[in-house]
Amino acid sequence: MEKAVETSRLDRFLDSDIWHSFKGNPVAIVSLIITLIMVLSAVFAPFIAPHDPFDLMKIDIMDSSLPPSWMEEGEARFLLGTDDQGRDILSTIMYGARISLTVGFASVIFSMIVGITLGLISGYAGGRVDAFIMRVADIQLSFPAILIALLIDGVARGIFSSELHSEISLYVLIFAIGISGWVQYARTVRGSTLVEKNKEYVQAARVIGIRPGTILRRHILPNVMGPVMVIATIHLAVAVITEATLSFLGVGVPPTTPSLGTLIRIGNEYLFSGEWWITIFPGATLLILVLAVNLLGDWLRDALNPKLR
Amino acid sequence: MVSFLFKRLLQSIIVMFTVALIAFSMFRFVGDPINNMVGQDTSQEERDELREKLGLNDPFVVQFLRFAGNAAVGDFGYSYKYKIPVSEMIAERMPATLELAFISAILSLVVGIPLGVYTALRREGILSKIAMAMSLVGVSLPTFLIGILLILFFGVVLRWLPTFGRGDVVELGFWTTGFLTKSGILSLILPSITLALFQLTLIMRLVRAEMLEVLRTDFIKFAKARGLPDRAVHFKHALKNTLVPVITITGLQLGSLIAFAIITESVFQWPGMGLMFIQAIADVDIPIMAAYLVLIAFFFVLINMIVDILYYAVDPRLRTSDGS
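Residues numbered from 1 in each chain as written. Chains lettered and ligands numbered in written order. Predicted model: local features only at pLDDT ≥ 70, side-chain atom pairs only at ≥ 80, totals over all residues.

Here's the deal with the overall build of chain A
At step 1: The number of helices and strands found in chain A is 13 helices and zero strands.
At step 2: Its helices and strands in sequence order give chain A the pattern α-α-α-α-α-α-α-α-α-α-α-α-α, from N to C terminus.
At step 3: Overall, chain A is about 75 × 50 × 35 Å in size when its C-alpha atoms are taken along their principal axes.
At step 4: Looking at chain A as a whole, 45% of its 309 residues qualify as buried.
At step 5: When contacts within chain A are restricted to residue pairs at least 6 apart in sequence, those whose partners lie at least 24 apart make up 68%. (Helix = DSSP H or I, 4+ residues; strand = E, 2+ residues; numbered from the N terminus. Buried ≥ 20, exposed ≤ 12 C-beta atoms within 10 Å, placed from the backbone. Contact = placed C-beta atoms within 7 Å.)

Put into structure tokens, the structure is as follows:
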């Protein structure tokens, strides 16, 4: 029985508009492949990275500041060269992408949970609750997300001692980036909820006495998720950029667990002495990742937009 | 119109009030203000005396009103780290940030609007395709990475342009300007391009989308049918009708320019308010953070008000009915 449901779901997916649109769009296919390669190599970095850049026993100061392997003085062991401490750039990028993507996904999920919950409540309850939530959203929206994330990080530094802060800074960062992004979800979900709640299936559910919480979760939520997925995809790109920016400014993750932004910051100091590869490769990785995710988001928006069909 | 403006004014006051409350809470509850002001060897009596003198034992509301009153006249107390008035530090650094933001805003409008119009009119042209592809890269490229690439190319490889600081500045009373010296103007080029690029691509895409929308409407077809030259149709009729959303976004982006200047300023070591704010976060210098927050909020609210008033100037439809 279970099996039958499973196959029919797969069949349904293979025959859906989304899948057909995806198959016919080379840009979307390439973007998805690039994104998957990056995510997988970040997830499995401990197994596939050529070196372990954080094992002090294995890095050798004699290998420091080597250029990429195709240049003169480059060594085949280090494909993209090494940094000032002799760490392999390719490996640090894999580990760095791991941190960047962890923060990115976690803060998107955090924003989604807060935003969807508040959006559903706002749209379904209406009245004063709605007015209050939307006012808060308006005020927050009038400030750039990066400024809010910076402030939360700054306040956290004041509240926690510096050792405790570097220990929990990853969570502070996720909280800061997550909080700065909930408004878009809330607004979109509220709009869809306002439309859905007057439809007959919701009225029917209400008439047979289902509790509001259940109606929101089981009936309205699945019907407002389409636009949310589009926002989430594009928000992932924004969250990764925000994390990189904060780490670049030196207020993000601690230098002991460098993300892509931290790597770029470290490399930036060596730009003038000609060691461009320490900065440029992490930077290019970040750019390609963000570009691929953005293109995926663009495609998803067009594919889910009934007006363009 | 008057009732609408009044409503907006009220809203702005609420926003400023909220921000001031947040800033005050930061100042009062993050760390102990007394510990941050005195040295290790200050006795408990002296601390208590200072606490009483500064009014930190007063009720919350009284303290907040005092804070808000002082903030309204630009008094934010002393920096914990530098022991000088925050207002002085801000006054010293504001010209650098405002000049940078101003030039970037001009740049993104002067380049962004024509590019948007062009890409909308010649949709299939090679140049349009290139511009659109570049704009996607521009949106995906983080500000600091743009800065680094520009530094690498124009500063390190070609050695054409300075890559840090403001160059020589001229003092005009309370304002220091970099516009009047050669090194000042050269120093402005890379930071202002860095800061402008994101807004530029945004404005270009927006103008393009709006133009395409307007070009499909009946009154454009009618204007063409009347035999008006393309030039008049495109610029007098079409472009004019895209301006309302362009003004909205540009206005809002102007605020973001000041905030994004934080990033540009730290890449180029530009001695503005943003660099000061980043250093304040690293040092947990709360008075500076609070002052910066209130100041930025003020800029945002002010810009929003101006944008709303501009609507009336640009869109006659809003003048006929209540509009709000």
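So, the interface of chain B and chain A
At step 1: Contact residues are listed per partner, giving 32 residues for chain B and 34 residues for chain A.
At step 2: Among the elements of the structure, α1 (2–29), α6 (126–140), α7 (143–157), α10 (230–268), α11 (273–283) and α12 (286–314) of chain B are those that each provide at least two residues to the side of chain B that touches chain A.
At step 3: Its residues assigned to classes, the side of chain B that touches chain A comprises 26 nonpolar, six polar and no charged. (Nonpolar A, V, L, I, M, F, W, Y, C, P; charged D, E, K, R; others polar.)

Describing the nonpolar core
At step 1: Counting 158 residues, the largest nonpolar core has F277, M289, A290, L293 and V294 of chain B as its most contacted members.
At step 2: The residues contacting L293 of chain B, other than those within four sequence positions of it, are L151 of chain A together with V19 and A23 of chain B. (Core = buried A, V, L, I, M, F, W, Y, C linked by C-beta atoms within 7 Å.)

Description of the confidence of the model for chain B
At step 1: Per-residue confidence for chain B gives a mean pLDDT of 80, with 94% of residues at or over 70.
At step 2: Of all helices and strands in chain B, the one with the weakest mean pLDDT is helix α13 (residues 317–320) of chain B (64), whereas helix α5 (residues 86–121) of chain B scores best (87). (pLDDT = per-residue confidence, 0-100.)

What about helix α7 (residues 145–159) of chain A?
At step 1: Between its terminal C-alpha atoms α7 of chain A stretches 21 Å, which fits the 21 Å expected from 15 residues at 1.5 Å a residue.
At step 2: Among the 15 residues of α7 of chain A, eleven are classified as buried, and the element is accordingly described as predominantly covered.
At step 3: Of all the residues in α7 of chain A, the buried ones are A145, I146, L147, A149, L150, L151, D153, G154, V155, A156 and R157 of chain A.
At step 4: Looking at the packing, one finds that the buried side of α7 of chain A touches α8 (162–179) and α11 (212–248) of chain A together with α1, α10, α11 and α12 of chain B. (Expected span 1.5 Å × (residues − 1).)

Considerations on the environment of A223 of chain B
Residues and elements named next belong to chain B.
At step 1: Note that A223 resides in helix α9 (residues 218–225).
At step 2: Residue classification places A223 among the partly exposed residues on the basis of 19 C-beta atoms within 10 Å.
At step 3: For the pair A223 and I148, spaced 75 residues apart in sequence, the C-alpha to C-alpha distance is 48 Å.
At step 4: When residues no more than four places from it in sequence are discounted, the contact partners of A223 are L228, V233 and H237.

Concerning unusual backbone geometry
With glycine set apart, most residues show a phi of negative sign, and most peptide bonds adopt trans.
Residues and elements named next belong to chain B.
At step 1: Although it is not a glycine, Q269 sits at a positive phi angle of roughly 50°.
At step 2: The topology assignment puts Q269 in the loop between α10 and α11.
At step 3: Given 12 C-beta atoms within 10 Å, Q269 falls into the exposed group.

Some points on the packing of helix α5 (residues 89–125) of chain A against α8 of chain A
All names here are of chain A.
At step 1: Between α5 and α8, the least distance of the axes is 8 Å, while the angle of their chain directions is 50°. Taken together, the axis directions place α5 and α8 in an arrangement best described as oblique. Crossing handedness for the pair α5 and α8: right-handed. Between α5 and α8, the residues in contact are V103, A106, S107, F110 and S111 and L170, L173, I174, I177 and G178, respectively. (Axes fitted to C-alpha atoms, helices over the stretch in contact; angles between N-to-C directions. Parallel < 35°, antiparallel > 145°, perpendicular 65-115°, else oblique. Left-handed = near helix turned anticlockwise from the far one by under 90°.)

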